Amino acid sequence: CPGVMVHGVVANGILTGEMWRELPAWMAIACMLVAGILAIMTGARLPPGMGAGAIAGLMLAWIVFNGIVLFDKFNLLLPMGGPLLVAGIVFGVSTLGRLIVERLERRRIRARFSNYVDPQLVDYVEAHPGISTFEGQVREMTVVFNDIANFMPLTRQLGRETIPLLNEF
């Protein structure tokens, strides 16, 4: 049957004048280049989840365009896999690169911030991102100012143990 089907398709193509034509290789390369550029732009501008959906939509649009428009309507053959593979790989690599850069930047900012304030405060701000707007709060508080002799050498010597001493004082 497959041999008979092949002969029937070839005979039909000859009789109707609708033969498959393969497009030049540069068009396939151009399609891969466009797919790569779209994947880079999507990976750079959209969050990973939304970007993955956009890339999946672009891949589906490419499959429909290549299968229905080029092949069914115009009998043109253009490789389908190259642009799909390029878009998937480029999007994955660009998203991974963005993730790595973001993690390194977060680590750098955290280290820099920890130099100026207590690391526990940094942990608190990181755990509660909604509170970290630094807008301030209105509270009723009592503030005590003390002048303790030789306080700086005492804090260097006691470290964190200075706080209970102040509370007792």
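Before any of the text, the structure's been laid out above.
Since the model is a prediction, treat every value here as computed from it, not as a measurement.

Undergrad: I'd like to hear about the packing of aromatic side chains, residue by residue, with values.
TA: How two aromatic rings sit relative to each other is set out by the distance from centre to centre and by the angle between their planes. Summed over all chains, the structure comprises two aromatic pairs. Seen in terms of ring centroids, Trp62 and Phe65 are 6.2 Å apart; in terms of plane orientation they differ by 35°. Their pairing is tilted. One end of the pair, Trp62, and the other, Phe65, are both in helix α3 (residues 48-73), three residues apart, so they sit about a helical turn from each other. By relative accessible area, which is 13% here, Trp62 ends up buried.

Undergrad: Please set out a nonpolar patch on the surface residue by residue, giving values where relevant.
TA: On the surface, Leu33, Val34, Ile37, Leu38, Met41 and Leu58 cluster together to form a nonpolar patch covering roughly 520 Å² of accessible area. Per-element tally for the nonpolar patch: the top contributor is helix α2 (residues 25-45), with five residues. Residue position: Ile37 is located in helix α2.

Undergrad: Quick one: what's the story with helix α4 (residues 81-116), residue by residue and with numbers?
TA: Taking 1.5 Å as the rise per residue, α4 with 36 residues should run 52 Å; its terminal C-alpha atoms sit 53 Å apart, in good agreement. Listing the buried residues of α4 in full gives Pro83, Ala87, Phe91 and Thr95.

Undergrad: So what about the side chain of Asn66? Which residues, and what values?
TA: Examined against the element boundaries, Asn66 turns out to sit in helix α3. Not counting the four nearest positions on each side in its chain, Asn66 is found in contact with Phe71, Leu78, Pro79 and Met80.

Undergrad: Any chance you could break down the packing of α2 against α4 for me, citing the residues and the numbers?
TA: For any two helices packed against each other, one specifies the crossing angle of their axes together with the interaxial distance. Across the interface, α2 lies against α4 with an axial gap of 8 Å and an inter-helix angle of 25°. By the angle class used here, α2 and α4 are roughly parallel. Helix-helix and strand crossings are classified by hand; for α2 and α4 the assignment is right-handed. Note on element contacts: α4 touches α2 through Gly82, Pro83, Val86, Ala87, Val90, Phe91, Ser94, Thr95 and Arg98, opposite Cys31, Met32, Ala35, Gly36, Ala39, Ile40, Thr42, Gly43, Ala44 and Arg45. Of the residues assigned to the contact of α2 with α4, the class counts are eleven nonpolar, six polar and two charged.

Cut-offs applied
- Residues numbered from 1 in each chain as written.
- Predicted model: local features only at pLDDT ≥ 70, side-chain atom pairs only at ≥ 80, totals over all residues.
- Heavy atoms only, no water.
- Phe/Tyr/Trp six-rings, centres within 6.5 Å; stacked < 30°, edge-to-face > 60°.
- Helix = DSSP H or I, 4+ residues; strand = E, 2+ residues; numbered from the N terminus.
- Buried < 20%, exposed > 50% of the residue type's maximum accessible area, 1.4 Å probe, protein only.
- Patch = residues over 30% accessible without salt bridge, like charges linked within 9 Å, V, L, I, M, F, W, Y side chains within 5 Å.
- Areas by Shrake-Rupley, 256 points an atom, 1.4 Å probe, with all protein chains shown as cover.
- Salt bridge = Lys/Arg side-chain N within 4 Å of Asp/Glu carboxyl O.
- Expected span 1.5 Å × (residues − 1).
- Contact = heavy atoms within 4.5 Å.
- Axes fitted to C-alpha atoms, helices over the stretch in contact; angles between N-to-C directions.
- Parallel < 35°, antiparallel > 145°, perpendicular 65-115°, else oblique.
- Left-handed = near helix turned anticlockwise from the far one by under 90°.
- Nonpolar A, V, L, I, M, F, W, Y, C, P; charged D, E, K, R; others polar.

Remember, this is a structural readout, not a statement about activity or role.
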